[in-house]
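# Overview (structure and organization)
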Amino acid sequence: MSFWEYLTTRRQQLLTDAFQHASAVFQCMVVATALGVLIAVLSYRSTWAGNLAITSTATFLTVPSLALIGLLIPVVGLGVAPTVIALTLYGLLPIVRNAIVGLRGVDPSLVDAAKGIGMSHTARLLRVELPLAWPPILTGIRVSTQMLMGIAAIAAYASGPGLGNEIFRGIASLGSANAVNQVLAGTLGIVVLALLFDAAYVLLGRLTIPRGIRA
Amino acid sequence: MPESASENTAAASAATSSAASSATSAAASSATPAAASSATPAASSATPVPDTAFGGAVSRGGASGATIRLENLTKRYPGNPMPAVDNVSMEIKAGEIVIFVGPSGCGKSTTLKMINRLIEPTSGRIRINDEDVTDMDPVKLRRKIGYAIQASGLFPHMTVAENIALVPKMAGWPRTRVRDRVEEMLDLVGLDPREFHGRYPRQLSGGQQQRVGVARALAADPPVLLMDEPFGAVDPITRDHLQDELIRLQHELRKTIVFVTHDFDEAIKLGDRIAVLRERSHIAQFDTPEAILTNPTDDFVSGFVGAGAALKRLNLTRVRDVAIAEFPTVGVDDPLQSVFDRLRQGPHNELLMLDRRGRPYKWLRRGDLARAKGSLARAGQLVQDTVTRDATLRDALEAVLTDSGGRAAVTGRRGEYIGVVDMETLMNSVHELLEADRLAAIEHQHQLEELHHDRTERELEGFGG
């Protein structure tokens, strides 16, 4: 069976896997973004808290993803739970780091001006600091998403959803007729998804970064 | 010049009387804090905070300024034995521009930022229109104090209109009123609302950004405006324009402006009064520019004034304040013969020809006419440089020095001819000015001595009783 024939016969299965893959990554990204920006907002003003946030999220990243998922299975069981937890933790680092760097990089004279014209703490954060830090935060989200696309494939190890199932099935049955096709389909699917997400982020940047600070 | 001198004394006497009355009102209000002591610490100031800015005086006067009193203001930073600002007391009158000028790091900016409490004072009080604002909610306080900083401080992600609308929106103005106000403010600072409304700060020149910065600071019509080296980052020519604009604006608005700069020439140009500050914000001298130039209290001040005090004095007087000489004129449409006659008969050997709208056009000399041969079209010398009545004597001197004939035409608002200044008139006026300044300085000295004398006498009496 050629690769093309494989794709057409297994279309239904592949599309479901791809959709679940994308959906898992997307949902974990939403959680990671909310959590990451929150951590950054709470810690960026203090030198040690900010550095602690960056270091601890970076530590997560050094744990091999297969090991982390393996460690999570005895605690939370198989399936969706370990996938979501692992993806969210891995997604945090680039977002937290970029958000802290972005928020700290806002011109101090602008913060001074915002205070000076009578903006409250919250108004300053929401109307001046976060909008100005948004481009680096968005970059962090992009990097995070690319990373999660790959890591999500490992989730199949814990019976998680997504294209990883194709890859694992292929690896398990190496030498059989469709083994290479399965691995190839899973991998290419992830690449295509990653490209689609990236395009979406470019569009999102166009729509959400104010014209005054667009590069 | 005598006019403005009398104005100064009038203002001074008004200030003393208002100080006296404010002292009594302060005493009256100090009886109430016991009643308010149960309130939350944020609102612990004795007077309730009204919605109008700083008490009644302003709501009656509309947009005009408020008095600011700093009492023993001190700022210490932890880990530093010396205070950054040490025990500053001063009174700034409603509607005047006071300039803080001093060397870098003397604490002038810190002192300014304590007025809107961007920097919280370690001790001392700040009163605005007799309301103690030292413990007021800083966010509320700052909405009633305009704030303009170096490099404009505009938010780059917002349009010009959004930047200006910030403070009125925060103050809860209705949308239509905010929109009208934005247009009005752009107009006020000399930018076309239709053209600049939707632009982003990076699409503006430095000078335009600074204008928008001032517009934003003034948008909610605060009685007080704080400016922290606002023109420090623009080129000299633009700075000059912006300074002129500020003078014009202040003429219309009469805000109380506190302005920080390290440029003494800027201080002289803009200030009603100048506070020369030395390290830790100690006031070396707090007086009118004229007094500081002609009578600096000590070496520090005279060092800061720098060389050429007499030349700088020229910046303080406008052409309108000195005698302008008459000059024989002819119209561009006058018959040739009458022009000839005027030149031959008159005592002058030169005429000023005006164009059809009465504006200076050409200088005509006798020799030019001899060569004219029946037509004046090519005769004479075109008027290169004119000065307005609002120009400083320094500008006038510049024009006179560069003019080949040693005179410059003075023009009115629409460019029409008013008179002529030349070397002689300028010299005479400068001599008069310096003489008047010297007399005023002597008188000032005399008053101080008298005051001192009175005080010693009173102390002696006190010891006796």
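Look up: the structure comes first, before these words.
Residues numbered from 1 in each chain as written. Chains lettered and ligands numbered in written order. Predicted model: local features only at pLDDT ≥ 70, side-chain atom pairs only at ≥ 80, totals over all residues. Heavy atoms only, no water.

## Structural notes on unusual backbone geometry
Residues and elements named next belong to chain B. Rules: Under the DSSP-based scheme used, a helix requires at least four consecutive residues in state H or I and a strand at least two consecutive residues in state E, with every element numbered from the N terminus. Classification of residues uses two cut-offs on accessible area relative to the type maximum, computed with a 1.4 Å probe and protein chains only: under 20% is buried, over 50% is exposed, and between them is partly exposed.
In the Ramachandran plot, R117 falls in the positive-phi region, its phi being about 60° despite a non-glycine side chain. Checked against the element boundaries, R117 lands in the loop between α4 (108-115) and β4 (123-128). Here R117 falls in the buried class, since its relative accessible area comes to 5%. We note that R254 has phi near 55°; this positive angle belongs to a residue other than glycine. For R254, the location among the structural elements is in the loop between α10 (236-253) and β8 (256-261). Residue class for R254 comes out partly exposed when judged on its relative accessible area of 39%.

## Comments concerning α4 of chain B
All names here are of chain B. Taking burial as the measure, the 8 residues of α4 include 7 buried ones, the bulk of the element. Taken together, the buried positions of α4 are K108, T110, T111, L112, K113, M114 and I115. Just beyond α4, the residue with positive phi is R117, at close to 60°.

## Some words on the pairing of strand β10 (residues 283-287) of chain B
Residue and element names in this part refer to chain B. Which entries qualify depends on this criterion: By definition, two strands form a pair when at least two bridges between them are found by DSSP.
Alignment of strand β9 (residues 273-277) against β10, held across 4 bridges, turns out to be antiparallel. Residue pairing for β10: V276 is matched across the bridge by Q285. Connecting the antiparallel pair β9 and β10 is a turn made up of 5 residues, with R280 showing a positive phi of about 60°.

## Side note on a negative patch on the surface
All names here are of chain B. As a reminder, the rule being used: Without a salt bridge and with relative accessible area above 30%, a residue can belong to a patch; like charges are then joined within 9 Å and nonpolar side chains (Val, Leu, Ile, Met, Phe, Trp, Tyr) within 5 Å. Areas reported here follow the Shrake-Rupley algorithm with a probe of radius 1.4 Å; residue values treat only the protein chains shown as occluding. Throughout this description, the term salt bridge denotes a Lys or Arg side-chain nitrogen within 4 Å of a carboxyl oxygen of Asp or Glu. Counting rule for charge: Lys and Arg are taken as positive, Asp and Glu as negative, and neither His nor the chain ends is counted. The atoms used to mark charge sites are NZ of Lys, CZ of Arg, CG of Asp and CD of Glu.
On the surface, a cluster of negative charge is made up of E449, E450, D454, E457 and E461. Along the chain, E461 turns up in helix α18 (residues 423-464). The class for E461 is exposed, based on a relative accessible area of 56%.

## What about the sheet that holds strand β15 (residues 386-388) of chain B?
All names here are of chain B. Put simply, the rule is: Interaxial angles span 0 to 180 degrees and are taken between N-to-C directions of axes, which are lines fitted to C-alpha atoms, for helices over the stretch in contact.
Read from one edge of the open sheet, 3 strands run β15-β16-β17, paired in mixed fashion. Because the sheet does not close on itself, it has two edges, and the strands there are β15 and β17 (417-422). Here the average twist between neighbouring strands, direction ignored, is 35°. Summarising the sheet, β15 and strand β16 (residues 407-411) pair through 3 bridges and their orientation is parallel. Residue V387 lies in a different strand from β16, and its bridge partner there is V410.

Keep in mind that these numbers describe shape and distance, not what the molecule does.
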